[in-house]
Protein chains: 2
Amino acid sequence: MQLLKDRIVKDGKVRSGNVLKVDSFLNHQLDITLFGEIGKEFKRRFADQTVTKILTIEASGIGIACIAAQYFNVPVVFAKKNQTKNIAGDVYTSQVESYTHGRIYDIIVSKDFLKPEDKILLIDDFLANGAALIGLINLIKDAGATLVGAGIVIEKGFQDGGKLVRDSGVRVESLAIIDSMGTDTGIVFRD
Amino acid sequence: MQLLKDRIVKDGKVRSGNVLKVDSFLNHQLDITLFGEIGKEFKRRFADQTVTKILTIEASGIGIACIAAQYFNVPVVFAKKNQTKNIAGDVYTSQVESYTHGRIYDIIVSKDFLKPEDKILLIDDFLANGAALIGLINLIKDAGATLVGAGIVIEKGFQDGGKLVRDSGVRVESLAIIDSMGTDTGIVFRD
């Protein structure tokens, strides 16, 4: 998606440790006009699929998923990272190791909102080592729902998450795949 | 907002300890069509105001803020509850005591995304004791930005957050104000 790649080059900041800061438009300040274009592009790529629900994970996936959901006419469910008093009853749960935070946490979805008849599109802002995405896929498996595919805004193609998930048979559509990046060399996208 | 009140009565669940579960449409599974109507209503109520940015707080404020932002044509910034490696540099921070989680946490916004020239509309899903909203207001004060007002989906009118914030001179527009609720008595809205 050229508009997105241009924006990453213009406003993204490469930091040491393979960190790409896109917090001015994607995951702290959110450019809702860009999100609209991202939502349309996900709809175009999954136009051949029936989707009944979009599943994402808090926090930075939520905005993108909500804007995209308008083009699919479906509700969004977001997996929570910490169990709260307000989630009572039965939940599906999976463990995720966070690269950013350096810790393991549980992700949780109420059993009320993932059903065997659901056809789920996953949406998230980043795909790197795939931990969060694999956690979400496990929740869908536990629910007996159908996984339609995963729509990712930025994939770090030099980490193995994309390959892992695609090799498991899941359709992954990433709007920008970065093959390499460095503070000196800049950002190289996959064609 | 009658559509919202009807939905709360239909799908909300009152639990002991003044907990209102609306996780089937507002803060776990998200009804994006309803969010569109909520966004339009916020725009109608703040139509007389200039807004340059919407500020909310992770996680359940983000979806509502993003959909509403489409009607204001402005970006969204969400305050983060935990500092991550990806937020480097200068941040505004404020402490919030969570009723739901029973703990005190910091909320953080990068100084890059709150500027003195900004006219900020706050959006959140719930207003109860006002702790989160007051934390967000403090961030805006620290930035020297202008606070236009606060758009709240559900206010628990029997808790003192709404009175506290209004008495401090902030315009609060709540789309549904609950005056009382009980597992036996049901939900009573303010007219």
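Residues numbered from 1 in each chain as written. Chains lettered and ligands numbered in written order. Predicted model: local features only at pLDDT ≥ 70, side-chain atom pairs only at ≥ 80, totals over all residues.

### Concerning the overall build of chain A
Note the threshold: Comment: elements are numbered from the N terminus, with helices defined as DSSP H or I runs of at least four residues and strands as E runs of at least two. For this measure, only C-alpha atoms enter the radius of gyration; the expected value for a globule follows 2.2 Å times N^0.38, where N is the number of residues. Buried, partly exposed and exposed are defined by the number of other C-beta atoms within 10 Å of a residue's own C-beta, namely 20 or more, between the two limits, and 12 or fewer respectively, with C-beta atoms placed from the backbone. We call two residues in contact whenever the C-beta atoms placed from their backbones are within 7 Å.
A tally of helices and strands in chain A yields 5 helices and 11 strands. Scaling as 2.2 N^0.38, a compact globule of 191 residues should have a C-alpha radius of gyration of about 16 Å, and chain A matches this with 16 Å. Overall, the C-alpha framework of chain A stretches about 50 × 35 × 30 Å when taken along its three principal axes. Residue burial in chain A is summarised as follows: out of 191 residues, 47% are buried. The contacts of chain A with a sequence gap of at least 6 include a subset with a gap of at least 24, amounting to 60%.

### Things to note about helix α4 (residues 131–143) of chain B
All names here are of chain B. What counts here: Here the expected length of a helix is defined as 1.5 Å per residue gap, with one fewer gap than residues. This arc is taken over the directions from the axis of the helix to the C-beta atoms.
Taking 1.5 Å per residue, 13 residues should reach 18 Å; α4 reaches 19 Å between its end C-alpha atoms and fits that length. Buried within α4 we find A132, L133, L136, I137, L139 and I140. The buried residues of α4 occupy one face: seen down the axis, they fall within an arc of 155°. Downstream of α4 by one or two residues, G144 has phi in the positive range, about 70°.

### Re the interface of chain A and chain B
Of the residues lining the interface, 30 residues belong to chain A; the matching set on chain B comes to 30 residues. Breaking the side of chain A that touches chain B down by element, the ones donating at least two residues are β2 (19–21), β3 (29–30), α2 (32–45), α3 (60–72) and β5 (76–79) of chain A.

### With respect to the sheet that holds strand β10 (residues 172–182) of chain A
Using the following cut-off: Being paired, for any two strands, means DSSP has found at least two bridges between them.
Strand order in this open sheet of 7 strands is β11(A)-β10(A)-β9(A)-β8(A)-β4(A)-β5(A)-β3(B), and the pairing throughout is mixed. Looking at which strands have only one partner, the edges of the open sheet turn out to be β11 (186–189) of chain A together with β3 (29–30) of chain B.

### A short note on the relation of the copies chain A and chain B
In plain terms, the rule: What sets the superposition is a least-squares fit of C-alpha atoms, and only residues with pLDDT of at least 70 in both copies go into it.
Superposing chain A onto chain B takes a rotation of 180° plus a shift of 0.0 Å along the axis, which leaves an RMSD of 0.0 Å. Both chain copies can therefore be described as sitting about a two-fold axis. By residue overlap, the copies meet face to face through one surface: 100% of the interface positions of chain A are interface positions in chain B.

### Regarding the sheet that holds strand β8 (residues 119–127) of chain B
Across a sheet, paired strands are connected by hydrogen bonds in the backbone, their directions being either parallel or antiparallel. Keep this limit in mind: Axes here mean lines fitted to C-alpha atoms, for a helix over just the part in contact, with angles spanning 0 to 180 degrees between N-to-C directions.
Pairing in this open sheet of 7 strands is mixed, and the strands run β3(A)-β5(B)-β4(B)-β8(B)-β9(B)-β10(B)-β11(B) from one edge to the other. Single-partner strands in this sheet number two, and they are β3 of chain A together with β11 (186–189) of chain B. Pairing of β3 of chain A with strand β5 (residues 76–79) of chain B, which is carried by 2 bridges, proceeds in the antiparallel orientation. Note that in β5 of chain B the partner of Q29 of chain A across the bridge is V77 of chain B. Against the sheet, helix α1 (residues 2–11) of chain B contacts β9 (146–156), β10 (172–182) and β11 of chain B, and its axis sits at roughly 30° relative to β10 of chain B.

### With respect to the environment of V22 of chain A
Residue and element names in this part refer to chain A. Looking at the secondary structure, you find V22 in the loop between β2 and β3. The spacing of V22 and D11 is 11 residues in sequence and 6.8 Å in space, taken between C-alpha atoms. In this structure V22 touches I8, G12, N27 and I154, once residues within four positions along its chain are discounted.

### Notes on the confidence of the model for chain A
Reading fine detail from the predicted coordinates is not recommended where pLDDT is low. Cut-off, in case you're wondering: The pLDDT value tells you how sure the predictor is about a given residue, anywhere from 0 up to 100.
Here chain A averages 94 in pLDDT, and 95% of its residues register 70 or above. The ipTM, which scores confidence in the relative placement of chains, is 0.95 for this predicted complex, and the corresponding pTM is 0.96.

### Points about helix α3 (residues 60–72) of chain B
Residues and elements named next belong to chain B. Under the convention used in this document: One fitted axis covers the seven residues ending at a residue, a second covers the seven starting there, and the bend at that residue is the angle between these axes.
C66 marks the point of greatest bend in α3, at about 25°. For α3, a buried count of 12 out of 13 residues is recorded, marking the element as mostly surrounded by other parts of the structure. Within α3, burial applies to S60, G61, I62, G63, I64, A65, C66, I67, A68, A69, Q70 and F72. Note on α3: the residue one or two positions beyond its end, N73, has a positive phi of about 60°.

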